[in-house]
Amino acid sequence: MSNWLNKLIPALSRSNKSDSKIPEGVWSKCKKCEAILYKPELERNLEVCPKCGYHFRLSARKRLSIFLDEEHREELFADIESIDRLKFKDSKKYKDRISQAQKNTGEKEAMLCMRGLVEEIELVALASSFDFMGGSMGSAVGEKFVRAGEYCLTHYLPLVCFAVSGGARMQESLFSLMQMARTSAVVEKMKQAQLPFISILTDPVYGGVTASFAMLGDINIAEPGASVGFAGPRVIEQTVREKLPEGFQSSEFLLEHGTVDMITHRHEIRTTVARVLRRLMHHHIKMQKSVILKDAVV
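Residues numbered from 1 in each chain as written. Predicted model: local features only at pLDDT ≥ 70, side-chain atom pairs only at ≥ 80, totals over all residues. Heavy atoms only, no water.

(A) Looking closely at a nonpolar patch on the surface. On the surface, a cluster of nonpolar side chains totalling about 260 Å² of accessible area is made up of Leu86, Phe175 and Met178. Positionally, Met178 belongs in helix H6 (residues 174–192). (Patch = residues over 30% accessible without salt bridge, like charges linked within 9 Å, V, L, I, M, F, W, Y side chains within 5 Å. Areas by Shrake-Rupley, 256 points an atom, 1.4 Å probe, with all protein chains shown as cover. Salt bridge = Lys/Arg side-chain N within 4 Å of Asp/Glu carboxyl O. Helix = DSSP H or I, 4+ residues; strand = E, 2+ residues; numbered from the N terminus.)

Here is the structure:
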């Protein structure tokens, strides 16, 4: 790289408060500190701003490609997609919204499921994408989560889920809302089988997803700066007619008040999850041996 280009990249990476347009595909602007970032460098940093640590949103496929080992990945339940059972239409037909989201993202649904390895630990991983209708949970998302849980029960594997969502998908009405009960039920089955479920909260997680599987992990981990809640802050303020505390519903606020167990930087998610799973699985194996020995004595 020539000397003038070496000088240009750091200069353009500094904070720029102007509203000038950024060429697509080359530069990105940090939403927090407004630094202009060289996109290839940002991608190497796992989409985390090197200036302020802001965690950019990731697609479901990018999320799992970062999280899982490169070898032995297998996508599960790839054929599941939403159906417009109610023939719903607001300003646009629901089936057209689905088609547009599929075209924009290249995915059939908001949630992706893969079986793979993380530091030699075999597991099933789920991830949602906010780009697909706000990561909303419809019947297809619920079905993928339930099937992933049942797959874990059958194959004796832990489950990890990266949640991001604006809530239940209103275009499916009760078909969407019933997924809260279905996903919660399969998490309870895993708990009874003593199979670990780790929930990782990314930005944002709201509505029915927060009120169901996203907060039911044996360990709930949040990325820095993630917004997590049921209703949004403005809705709450208008309802209670009070000013909410600064940072309300941020992952840091939730950690301080005991709602999440830890906040983990994206660079450390793999090692943290692997460490937690080794402890949880080791504890489960010890419990199993204890039961076997007890039964043998009886």
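(B) Here's a closer look at the environment of Pro204. Checked against the element boundaries, Pro204 lands in strand S7 (residues 197–205). If sequence neighbours within four positions are ignored, Pro204 has contacts with Arg57, Phe130, Val164, Ser165 and Ser227. (Contact = heavy atoms within 4.5 Å.)

(C) Representation of the pattern of salt bridges. Counted by the stated rule, this structure contains 14 salt bridges. Among the ionic pairs, Glu47 bridges to Lys62, the shortest N-O distance being 3.4 Å. On the criterion of sequence distance, the pair formed by Glu47 in the loop between helix H2 (39–44) and helix H3 (60–67) and Lys62 in helix H3 is long-range, its members being 15 residues apart. Two residues, Glu223 and Arg266, come together in a salt bridge whose shortest N-O distance is 3.0 Å. Residue Glu223 is located in the loop between strand S8 (219–222) and helix H8 (233–240), and its partner Arg266 is located in the loop between strand S9 (262–263) and helix H10 (269–297); the two are separated by 43 residues in the primary sequence. Comparing Glu223 with Arg266 shows no difference in burial state: the two are buried. A cluster of three or more residues bridged by salt bridges with shared partners is formed by Arg61, Glu75 and Glu107. (Buried < 20%, exposed > 50% of the residue type's maximum accessible area, 1.4 Å probe, protein only.)

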